[in-house]
Amino acid sequence: MTVFTVVIPARLASSRLERKVLADLGGKPMVVRVAERAAQSKAKQILVATDAVEIESVCQAAGFNVLMTRDKLFRERTSFLGAEAARFIN
């Protein structure tokens, strides 16, 4: 069996729908729905990477691990997220 980690980038800034990761989808924030689906993949761990305390609180309340990223780096280029997240993956 392949061992893997899922990193879900989640930020409040969005060009078309602001705060979409916190949008209610059937009674739960979208980011929680995404993390729940990722958990069904049998990944070793699920990390929600964000620079927003509000997203951190929602995800932790739902039982998911959160990686707080350096906000400026995350906003400037989402692709840097992978490099930053890699430092925390076991």
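Residues numbered from 1 in each chain as written. Predicted model: local features only at pLDDT ≥ 70, side-chain atom pairs only at ≥ 80, totals over all residues. Heavy atoms only, no water.

Participant: Just to check I follow, could you spell out the nonpolar core for this structure?
Facilitator: Nonpolar side chains tend toward joint burial in soluble globular proteins. The biggest cluster of nonpolar side chains holds 16 residues, and the ones touching the most others in it are Val 31, Ile 46, Val 48, Ile 55 and Cys 59. Secondary-structure elements contributing two or more residues to this core are helix H1 (30-39), strand E4 (45-50) and helix H2 (53-61). Tallying contributions element by element places H1 first for this core, with four residues. Leaving out residues up to four positions away in the same chain, Ile 46 has contacts with Val 6, Ile 8, Ala 35, Ala 38, Ala 39, Phe 64 and Asn 65. (Core = buried A, V, L, I, M, F, W, Y, C linked by side-chain atoms within 4.5 Å. Buried < 20%, exposed > 50% of the residue type's maximum accessible area, 1.4 Å probe, protein only. Helix = DSSP H or I, 4+ residues; strand = E, 2+ residues; numbered from the N terminus. Contact = heavy atoms within 4.5 Å.)

Participant: Whenever I open this one, the pattern of salt bridges confuses me. Can you help?
Facilitator: Taken as a whole and assessed by the stated rule, the structure comprises two salt bridges. Glu 54 serves as the salt-bridge partner of Arg 19, at 2.7 Å between the closest nitrogen and oxygen. On the criterion of sequence distance, the pair formed by Arg 19 in the loop between strand E1 (5-9) and strand E2 (24-25) and Glu 54 in helix H2 is long-range, its members being 35 residues apart. Residue classification places Arg 19 among the partly exposed residues on the basis of a relative accessible area of 35%. The salt bridge partner of Lys 28 is Glu 36, with a shortest N-O separation of 2.7 Å. A relative accessible area of 25% means that Glu 36 is categorised as partly exposed. (Salt bridge = Lys/Arg side-chain N within 4 Å of Asp/Glu carboxyl O.)

By themselves these figures say nothing about function.
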